[in-house]
Amino acid sequence: MILAQYTIRSKQEYIFRTNRLLEIMGGTEMIRDAFGWVFQAAKAAGVSVLSADKADFSLRAVQAAFADGTLGMAELFCGGGNLTVLYRDAETYRQVNRRFSRMVLENAPGMVAMAACCEADGRDYAADYRALMDAVDAEKNRMLPACNTYAAPFALRDRATNQPIVCRVPYAGGLRELSAESLKKWEKGLASDKRNAGNRLLDEMTTERQEESLLAIVHADGNNMGIKIQQKLGGRTDYDFCVNTMRAFTAEIARVFAETGEASLQKTMAALQNGPQKLRESAYRYRVVVSDGDDFTFICNARFALRYTADYLKAVQSNPGYSSCAGICIFHSGYPVARAYALAEQACDNAKKPVHATCAEECWLDFHYLHSGIDGDLDNIRSWQKTEALIARPWLVQGDSTVFTLPRAEKLVEYIRRNRSEGTNRSNLKKFAAALEESPAAAQRELARILYRNPAFAEALRAFSPCEQEQRKALYDIAEMYDLWIEERGN
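The shown structure was predicted, so the numbers you read here are calculated from the model rather than taken from an experiment. (Residues numbered from 1 in each chain as written. Predicted model: local features only at pLDDT ≥ 70, side-chain atom pairs only at ≥ 80, totals over all residues. Heavy atoms only, no water.)

(A) Here's a closer look at unusual backbone geometry. Of note, the bond from Arg 393 into Pro 394 is cis; its omega dihedral lies within 30 degrees of zero at 5°. One can find Pro 394 in the loop between α12 (378-384) and β13 (395-396). For Ser 10, which is not a glycine, the phi torsion comes out positive at approximately 50°. Relative to the helices and strands, Ser 10 resides in the loop between β1 (2-9) and α1 (11-15). You can call Ser 10 partly exposed: its relative accessible area is 40%. (Helix = DSSP H or I, 4+ residues; strand = E, 2+ residues; numbered from the N terminus. Buried < 20%, exposed > 50% of the residue type's maximum accessible area, 1.4 Å probe, protein only.)

(B) Region of interest: the nonpolar core. Residues Phe 298, Tyr 308, Ile 330, Trp 395, Leu 412, Phe 457 and Leu 475 are the most contacted members of the largest nonpolar core, which totals 69 residues. For this core, the leading source of residues is helix α8 (residues 239-273), giving seven residues. Judged by nonpolar contacts, the second largest core, of 50 residues, contains Val 38, Ala 41, Leu 215 and Leu 343. (Core = buried A, V, L, I, M, F, W, Y, C linked by side-chain atoms within 4.5 Å.)

(C) Examining the side chain of Ser 51 more closely. With respect to the helices and strands, the residue Ser 51 is situated in the loop between β2 (49-50) and α3 (59-68). Only 2.5 Å separates the side chain of Ser 51 from the side chain of Asp 53, close enough to count as a polar contact. (Polar contact = N/O pair within 3.5 Å; in protein donor to acceptor, adjacent residues only side chain to side chain.)

(D) Focus on the pattern of salt bridges. In total, this model carries 26 salt bridges according to the counting rule given. Of the charged contacts in the structure, one is a salt bridge between Asp 477 and Arg 393, with a shortest N-O distance of 3.1 Å. One end of the pair, Asp 477, is in helix α17 (residues 468-480); the other, Arg 393, is in the loop between α12 and β13, and 84 residues separate them in sequence. Its relative accessible area of 3% is what places Asp 477 among the buried residues. Salt bridges here are not isolated pairs; linked through shared partners, they connect Glu 13, Arg 17, Glu 181 and Lys 185. (Salt bridge = Lys/Arg side-chain N within 4 Å of Asp/Glu carboxyl O.)

Set out below in structure tokens:
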């Protein structure tokens, strides 16, 4: 038998190769469809398929069906961005892959699909799966990076991707030029948009076009997933137990992170629409870009990013034994979404550091505000700006295992808002943050000036933390996001 795994390489690069929301959503839908093409390819090749939803997995029954020729391929499980299947033999694997490769080229130009396999004797699932992972790693190292479609020197090219333009489509009273990849994404995005009510343009999610064009991309990732898999398998190596356990686990992951998580976003959106801020209706919406296992990414108005993210993480943690961490990147709607996503992903990695140290089921978040188009690695940006030692981030969403928790921050923010007229206004907080970047002594002078106008503020700071350095870090984070998450628009 042949144990094989399919995956899509560089998914985020493929999805975020454009700033057009319909193409982003179309790319997402196409990645979701890609594993279905494996089964379509099998049927087109005359290979009979046993899907995972038909019955509990039985290796003995599958081997018997392989032997008598009534079955050519059995799906083991699909989750975490991978499809794992068992083939009758190597020739069947090659037949399916030939047709699958053709379908990818025709339906999703620019998408990089990968398949890897190993021989499986069926006696030890753990050993076979380790061999498969070795084959996957080897295939990743052998693969060449994706390249653009060939174009003649005089061909018109897409400015963002350098791919040749193949057609023009009517758009906003004019024509939009599209490459082959963009065209397929555009068509898929249009079909998806008809099924799901939502914004069709990134600018529709901003507060006001050409006035406040700030958006947020949020990337969340589940904690301790590898540990959970090992705990559920419990050292067992027989195929039937391991495959059925993995099927149940992937279904549970989809419920916890995708279904429960997105339900919380819908609830939050309804609450925001009924809240005191009266913005245009489209500004309250969000669009889920990636929802794959414990990986969850969405775009929303920057003003509501903290609320959406905190509510999502709390919803995930309401499921016993599960938690997630998130990174938020605030950017202007015209900024390349792919770069903003990369920073959100790095912020999420930073948020997960406390969890990696303790393996606790806690939800942390980190955020980054893109100023002046500064690009690069998040740690390098903070090092260049000399802010890595000034920030409190990441913040714990709920719990009390650290000083820097959102509930503590919310109490301090509430005091700041109530006493804006007595010294804790935007101007003074911004001056304090700028002084802290200059030197601790300059920050102390600015804080003393604020406390002179409002001596009671010292007690509010001590309630947050008795440590002056921790007070300063909290104030620095609050000052950076004051305009978006603290002060209401127009105040």
